[in-house]
Amino acid sequence: MSAESMRVICAGHVNWDVTLRVDRLPDPDGEACIADQYQSGGGSASNVAVALAGLDASPLLLGSVGRDENGWLVRRELEDVGVETKLVETDGETAVKYLVVDDTGELLMFGNDGANEAYAADDLSERQLTTADHLHLTSQRPETAAELARAATREGLSVSFDPGRRLADRDYTETLRRTDLLFCNEREATVLREEGLADAVSTLVIKQGSGGATVFDGSREVYHPGFAVDPVDTTGAGDAFAAGFLVARDEGLERALAVGNACGALAARTPGARVQVGWRDVDALLDIGPSGG
């Protein structure tokens, strides 16, 4: 399946991000100097959808926002980059994340849930499911994730899942049982192993930041070292990685890892969580080769 023909439903959080760039992340009771500040859309599901659109796939974003200015800004930004949305509106406030990013691209994050989890599985119509090829789930209520995964499985869709930071605090067992492809970082992989859930999915991809990524597929282990870039803001880099991996997965695990790492590297050198990476930049980085070699 080519990227151009790939219809992906992305379900999960839709945020508005307020980012402060500082000279360093301060210690407790410390102080840092703000060098710059900017606002843009965020949220794992919407980040993946934007990256998929840039890679010529056809994403549909399921999430929820408030009937407020931030919700309007989110909608406009997504429409401008060609992402089709199914956003449930509520009387609550659109979720806002406050990010502090230092000169190395490392970050601290603060936020509120806002309207993020007001949508339900039945907000996605049967027609929208039957016309899709794949369902990508991100951090959300376990019940909603499990219902969406069950519905996708009934329709013959493949399912990927990136539970994020809340993996340790939420019971996603039912969702994992219906997940074909799981994305996580090394800390989250440790949680999975400690809880005996690492073998629940057929393919596990561990994102290792600047160290690349490793995929475990049955008895097979494949590693890609990533690409050397000067990081500006690592927010959303893992989401860009997931989008690249998904569009290239049918071309083999090696290719999927390379494209995913290229997308993540491009996101890390760009301010903001949402990056509409394109094939021209991805191919240029692939031509340079892993870690600049």
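Residues numbered from 1 in each chain as written. Predicted model: local features only at pLDDT ≥ 70, side-chain atom pairs only at ≥ 80, totals over all residues. Heavy atoms only, no water.

Moving on: the sheet that holds strand β3 (residues 34–42). Pairing between sheet strands relies on hydrogen bonds along the backbone, with the strands arranged either parallel or antiparallel. Pairing is mixed across the open sheet formed by four strands, whose spatial order is β3-β2-β6-β7. Single-partner strands in this sheet number two, and they are β3 and β7 (107–111). Adjacent strand axes in the sheet meet at a mean angle of 20 degrees when their direction is disregarded. Where helix α2 (residues 69–80) meets the sheet, it contacts β2 (15–22), β3 and β6 (96–101), and its direction lies at approximately 90 degrees from that of β2. (Pairing = 2+ DSSP bridges. Helix = DSSP H or I, 4+ residues; strand = E, 2+ residues; numbered from the N terminus. Axes fitted to C-alpha atoms, helices over the stretch in contact; angles between N-to-C directions. Contact = heavy atoms within 4.5 Å.)

Our next topic: the pattern of salt bridges. Opposite charge on two side chains permits them to pair, given that their charged atoms come into close proximity. By the definition in use, this model includes 13 salt bridges. Of the charged contacts in the structure, one is a salt bridge between E89 and R75, with a shortest N-O distance of 3.2 Å. Of this pair, E89 sits in strand β5 (residues 84–90) while R75 sits in helix α2, and the two are 14 residues apart along the sequence. The class for E89 is partly exposed, based on a relative accessible area of 37%. Using a relative accessible area of 22% as the deciding quantity, one classes R75 as partly exposed. Among the salt bridges present, the one from E117 reaches R170, with a minimum N-O distance of 3.0 Å. Taken together, the positions of E117 in the loop between β7 and α3 (126–130) and R170 in the loop between β9 (158–162) and α5 (173–176) put the pair 53 residues apart, joining distant regions of the chain. E117 sits in the buried class, given a relative accessible area of 16%. (Salt bridge = Lys/Arg side-chain N within 4 Å of Asp/Glu carboxyl O. Buried < 20%, exposed > 50% of the residue type's maximum accessible area, 1.4 Å probe, protein only.)

Further remarks concern the sheet that holds β9. The nine strands lie next to each other as β5-β4-β1-β8-β9-β10-β11-β12-β13, forming an open sheet whose pairing is mixed. The sheet is open, and its two edges are formed by β5 and β13 (220–224), each paired on a single side. Shown here is a sheet whose adjacent strand axes are inclined to one another by a mean of 15 degrees, direction ignored. The sheet contact formed by strand β1 (residues 7–11) and strand β8 (residues 134–138) spans four bridges and is parallel. Bridge pairing in β8 places I9 opposite L135. Those strands touched by helix α4 (residues 142–154) are β1, β4 (58–66), β8 and β9, and its axis lies near 170 degrees from that of β8. Relative to the sheet, helix α7 (residues 237–248) contacts β8, β9, β10 (181–185), β11 (203–207) and β12 (213–217), its axis offset from that of β10 by approximately 155 degrees.

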